[in-house]
Amino acid sequence: MPVLDGLRYGEPVDGSPSPANYVQRQKIVIVGLGMVAISLIEKIIKQDTEQKYDILVIGEEAHVAYNRVGLSTFFEHRKIEDLYLNPTEWYDSFKERAFDHHLNTRVTSINATDKTVQTSTGVTINYDILVLATGSDATLPTHTPGHDAKGVFVYRTISDLERLIDFAAQHKGETAVTVGGGLLGLEAAKAMTDLEDFGNVKLIDRNKWVLARQLDGDAGTLVTRKIQELGLDVLHQKRVKIVHTDDGNNVIGITFEDGERIECCCICFAIGVQPRDELGRDIGIQCGERGGFVIDESLQTSIPNIYAVGECASWENQTFGIIAPGIEMADVLAFNLTNPDKQPRSFTRPDLSTKLKLLGVDVASFGDFFADRDGPKFLPGARPSTVPGLGGDNPRDEPPVKALTYKDPFSGVYKKYLFTMDGKFLLGGMMIGDTKDYLKLNQMVKLQKELEVPPSQFILGAQNGGEENADDLDDSTQICSCHNVTKGDVVENVKNGTCTTIAQVKSCTKAGTGCGGCMPLVQSIFNKTMLDMGQEVSNNLCSHIPYSRADLYNVVAIKQLKSFVDIMKTVGNKPDSLGCELCKPAIASILSSLFNPHIMDKGVNDLQETNDKFLANIQRNGTFSVVPRIPGGEITADKLIAIGSVAKKYGLYCKITGAQRIDMFGAKKQDLLNIWTELVDAGMESGHAYAKALRAIKSCVGTTWCRFGVGDSVGMAIRLEERYKSIRAPHKFKGAVSGCVRECAEAQNKE
């Protein structure tokens, strides 16, 4: 059996004695090539200045380490390379040490006595230090009949997404279901919605509100309402009893434990993860009750020289499904391995704070955010065991915590901050809608400093005009929880000249390469530091376009670039780029203003926002309103009958608008094509009640009927509307024509 060991880097190849000053390196073997593993590798390489270690990492997937936190962005570009945390060339760029990586390779067994691992390729690999970073697998309800049917998916890896994409393309317009209302469930639901192949996506949650592990009832209910307004159906307190299949074992529906049944073709289970600890169980590594390798404060397992980091590690009978604790583990282990002469660091209670944008909703929880429900895990100056009200004989004792709550149903903002009874210390909290103060407040919790202002001053939030501002943050403030990056890390790398662009900041510090939620703040810190140094700050539209929006407009106009592809090839940093959420709508608006292409044309429709793409206006409950054009408010009886027929057939609510048109509300996305087909067949077209274009020309009846009329206002309004309809602009505009000075059409109040 082959043994993959070979000569240590720097040993004479002829077997002669090594130089007197030669120190044989130790070999670190890392099992798993995920986000935590690559973070550990980067930190060891950076801190191992004496080059004491050679590193070999073994990855089971066909890809190098990629960003699992940003997995849903794969649907935008369909390029796995855009998710890679480091380019493939990076893995071969280390000449000063032995560093190797194996892909498509699984470790099948460990021999702790001989210090070897066996791989699926039949190779035996020696190690001095073994790090298990095997991660976790998505949980499937194997007890549920039909869990293995065709159309059942999980949301975990690139291959999962690729299979889901292929399946969705073959089931256009059908109903899909995501089971699970946690962080992963909402991400999976967003991904299935972004595919735009399924006609309807439903989210099934067993709890009373989504994100039950991060939010209380009020906050979770608000998030539920917000995502329902975006068009996602949410069913709470539902548990799947049976997955129904046809004769070909294809999913056709679900029956819940309460007896309700729904029809669907696809189910994505996002109900949790299970640590992958099977390698350790075979050799007697102690595992937690809930799975995972039990680790001590140094990250070592029950077997010497074998460590565990990330989702496969069990600390105090807890495993962590978010990235931040894994990065903390990598920090501790890398420091201890590369600094044996210094006081070793310990892995202690990890920070489980999160700040995310889920389905367009800003959500954050920080510190001890359930201290009012479960009792505080700590109080400044007191150990948990001595906290009053905890562990007492009376289970009804209230926790020694006071909550300050702010609810704004109009803006969709909810905040709850938890303080000690005297209001001198902040313990934790949660935010929905407005999360601008997240970093500042989270740092206050970590420092456990006595507050200098009364609690009431915290609740109104950041008063900075909506801009992320880091001026009043200490350099020790963590600004990127995904990769444990502080404000000082960014400032230092900019000031010493290492980073002169925001792309270099991301590459060097890793800030913004996880979920991306910290990028506005990272950009603010970068801009402020550059200005303080007297350097010019770029105002480029985004990383793909090296121009401001105004400059890009001029370039497109002068060079007559009439498509997204032409613009990217001519001015883009990457000619084959598919763009992002910043440049795509900006380019769509510029093209519309300059050349007014038809928004349904190929290459144009993909750039449009939801309303323009579907020729309808999305409403707060996720349905659409449909408004046919009625020039001048003049309509025939046949067209009125057609509108009434469509409204009755699809159950639409009708209203006469202020622009003398008929608005039909409640249209489902999957019905829009049929609705417009019937309206077009009746001689009507879209009234652009959603577009940055001419909406309508309102008119009175003028000389046609009115005894006061002195002009043909209806005829003039119709000619104007027919002349300028479909001409898109930077902003919507309306008009009106009045037939006399009585101004019944309110023409002087229009644009």
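Residues numbered from 1 in each chain as written. Predicted model: local features only at pLDDT ≥ 70, side-chain atom pairs only at ≥ 80, totals over all residues. Heavy atoms only, no water.

Per the secondary structure count, the chain includes 19 helices and 34 strands. Computed over its C-alpha atoms, the radius of gyration of the chain comes to 30 Å, within 12% of the 27 Å expected for a compact globule of 751 residues. The principal-axis extent of the C-alpha atoms belonging to the chain is close to 110 × 70 × 65 Å. Out of the 751 residues in the chain, the part that is buried amounts to 50%. Partitioning the contacts of the chain with sequence separation of at least 6, the portion at a separation of at least 24 is 62%. When the accessible surface of the chain is split by element, carbon and sulfur atoms take 49% of a total near 36,400 Å². Considering the chain, the positive charge centre built from 83 side chains and the negative charge centre built from 95 side chains are found 6 Å apart. (Helix = DSSP H or I, 4+ residues; strand = E, 2+ residues; numbered from the N terminus. Rg over C-alpha atoms; globule rule 2.2 N^0.38 Å. Buried < 20%, exposed > 50% of the residue type's maximum accessible area, 1.4 Å probe, protein only. Contact = heavy atoms within 4.5 Å. Areas by Shrake-Rupley, 256 points an atom, 1.4 Å probe, with all protein chains shown as cover. Lys, Arg positive; Asp, Glu negative; His and termini not counted. Charge placed at Lys NZ, Arg CZ, Asp CG, Glu CD.)

Within strand β23 (residues 361-367), 5 of the 7 residues are buried, which leaves the element mostly enclosed by the surrounding structure. Strand direction decides the pairing type here: strand β22 (residues 354-358) and β23, joined by 5 bridges, are antiparallel. Looking across to β23, one finds that threonine 354 is bridged to serine 365. Here β22 hands over to β23 after 2 residues, with leucine 359 in that stretch at a positive phi of 50 degrees. Pairing analysis gives 5 bridges linking β23 to strand β26 (residues 426-432), with the strands arranged antiparallel. (Pairing = 2+ DSSP bridges.)

What characterises a pair of aromatic rings is the spacing of the ring centres plus the angle enclosed by the ring planes. Per the stated rule, a full pass over the model turns up 11 aromatic pairs. With a centroid separation of 5.5 Å and an interplanar angle of 85 degrees, the aromatic rings of tryptophan 315 and phenylalanine 347 are classed as edge-to-face. Of this pair, tryptophan 315 sits in the loop between β21 (313-314) and α7 (323-338) while phenylalanine 347 is found in the loop between α7 and β22, placing the two residues 32 residues apart along the sequence. In this structure, tryptophan 315 and phenylalanine 347 share a single accessibility class: buried. Judged by centre distance (5.2 Å) and plane angle (65 degrees), the ring pair of phenylalanine 369 and phenylalanine 370 falls under edge-to-face. Side by side, phenylalanine 369 and phenylalanine 370 carry an identical accessibility label, which is buried. The structure contains a cluster of three or more aromatic residues connected by ring pairs, namely Trp90, Tyr91 and Phe99. (Phe/Tyr/Trp six-rings, centres within 6.5 Å; stacked < 30°, edge-to-face > 60°.)

The subject of this paragraph is the UniProt feature "domain: Nitrite/sulphite reductase 4Fe-4S" (unreviewed entry) in the chain. According to UniProt, the feature "domain: Nitrite/sulphite reductase 4Fe-4S" (unreviewed entry) maps to residues 691-748 in the numbering used here. Here residues 691-748 runs as 21% helix and 19% strand, with 22 Å between its end C-alpha atoms. (UniProt positions renumbered as here; feature names shortened; annotations may be inferred.)

All right, on to the UniProt feature "domain: BFD-like [2Fe-2S]-binding" (unreviewed entry) in the chain then. Sequence positions flagged by UniProt for "domain: BFD-like [2Fe-2S]-binding" (unreviewed entry) are, in local numbering, residues 479-527. In this annotation, residues 479-527 is assigned 53% helix and 8% strand; the end-to-end C-alpha distance for the span is 15 Å.

A few words on the pattern of salt bridges. Counted according to the given criterion, the structure contains 30 salt bridges. A salt bridge links lysine 190 to aspartate 194; the shortest N-O distance between them is 2.6 Å. Highlighted residues: lysine 190 and aspartate 194, both in helix α4 (residues 183-194), separated by 4 residues, approximately one helical turn. A residue is classified by how much of its surface remains accessible, and lysine 190, at 21% relative accessible area, is partly exposed. Overall, aspartate 194 belongs to the partly exposed group, its relative accessible area being 32%. Lysine 649 serves as the salt-bridge partner of glutamate 678, at 2.8 Å between the closest nitrogen and oxygen. (Salt bridge = Lys/Arg side-chain N within 4 Å of Asp/Glu carboxyl O.)

Our next topic: the domain arrangement of the chain. When the domains of the chain are assigned, the result is domain 1 (26-135 + 276-339), domain 2 (139-274), domain 3 (354-381 + 398-460), domain 4 (482-533), domain 5 (549-608) and domain 6 (611-737). With centres defined by C-alpha atoms, the gap from domain 3 to domain 4 works out at 26 Å. (Domains from an automatic or database assignment.)

Our next topic: the side chain of threonine 224. When you line up the elements, threonine 224 lands in helix α5 (residues 217-229). For threonine 224, a relative accessible area of 6% puts it in the buried group. Ignoring anything within four residues of it in the chain, the contact list for threonine 224 reads Trp209, Val210, Val234 and His236.

To continue, consider empty space enclosed by the protein. Under the criterion given, the structure shown has 3 cavities of 30 Å³ or more. Taken as a whole, the largest cavity spans an internal volume of roughly 100 Å³. Elements with a contribution of two residues or more to the lining of the largest cavity: α9 (438-447) and β27 (478-480). Residues from two domains meet in the lining of the largest cavity; each of domain 3 (354-381 + 398-460) and domain 4 (482-533) gives at least three. (1 Å grid on protein atoms, 1.4 Å probe; cavity = no way out; pocket = protein on both sides within 12 Å on 5 of 7 lines; lining within 4 Å. Points joined across faces, edges and corners; volume = space filled by probe spheres on them.)

In this section: unusual backbone geometry. Positive phi values are uncommon outside glycine, yet histidine 688 reaches one of about 55 degrees. Tracing the backbone through its elements, the reader meets histidine 688 in the loop between α18 (672-681) and β33 (694-699). What makes histidine 688 buried here is its relative accessible area of 13%. The phi dihedral of glutamate 746 falls on the positive side, at around 55 degrees, and the residue is not glycine. With respect to the helices, strands and loops of the structure, glutamate 746 is situated in the segment after β34 (733-737).

Before going further, it helps to examine the confidence of the model for the chain. Parts of the prediction with low pLDDT should not have their coordinates interpreted in detail. The pLDDT averaged across the chain works out to 85; a share of 92% of its residues lies at or above 70. Residue range residues 461-467 is modelled with pLDDT below 50. Its contacts to residues more than four positions away, or to other chains, number 8 contacts. (pLDDT = per-residue confidence, 0-100.)

Where a strand is regular, its side chains alternate between the two sheet faces. Among the 5 residues that make up strand β12 (residues 200-204), 5 are buried, leaving the element largely enclosed by the rest of the structure. Residues Asn200, Lys202 and Ile204 of β12 are buried on one face, and the alternating residues Val201 and Leu203, pointing to the opposite face, are buried as well. In this structure, strand β11 (residues 175-179) lies alongside β12, joined through 5 bridges in parallel fashion. Within the sheet, the bridge partner assigned to alanine 176 lies in β12 and is valine 201.

Right, let's talk about the environment of isoleucine 587 for a bit. On the secondary structure map, isoleucine 587 appears in helix α15 (residues 583-595). Excluding residues within four positions of it along the chain, isoleucine 587 makes contact with Ile545, Leu552, Phe564, Ile567 and Leu607.

Together, Arg206, Arg213, Arg239 and Arg290 give the surface a local cluster of positive charge. As for its position among the elements, arginine 239 is in the loop between β13 (233-235) and β14 (240-245). Judged by its relative accessible area of 44%, arginine 239 falls in the partly exposed class. (Patch = residues over 30% accessible without salt bridge, like charges linked within 9 Å, V, L, I, M, F, W, Y side chains within 5 Å.)

Let us look at helix α3 (residues 158-169). For an α-helix the count is 3.6 residues per turn, leaving residues at separations of three or four pointing the same way. Across its 12 residues, α3 extends 17 Å between first and last C-alpha, which sits within 8% of the 16 Å expected from 1.5 Å per residue. Where α3 is concerned, the buried positions are Ile158, Asp160, Leu161, Leu164, Ile165, Phe167 and Ala168. (Expected span 1.5 Å × (residues − 1).)

A few words now on α4. In a regular helix each residue adds 1.5 Å, so 12 residues correspond to 16 Å; α4 covers 17 Å between its end C-alpha atoms and thus fits that length. For α4, every residue scored as buried is listed here: Gly185, Leu186, Glu187, Ala188, Ala189, Ala191 and Met192.

Pairing is parallel across the open sheet formed by 5 strands, whose spatial order is β10-β17-β11-β12-β13. Since the sheet does not close on itself, it has two edges, and those belong to β10 (152-154) and β13, each with one partner. The average angle at which neighbouring strand axes cross in this sheet is 25 degrees, direction not considered. Across 3 bridges, β12 lies against β13 in parallel orientation. Bridged to isoleucine 204 within β13 is leucine 235. Lying over the sheet, α3 contacts β10 and β17 (266-269), oriented at roughly 145 degrees with respect to β10. (Axes fitted to C-alpha atoms, helices over the stretch in contact; angles between N-to-C directions.)

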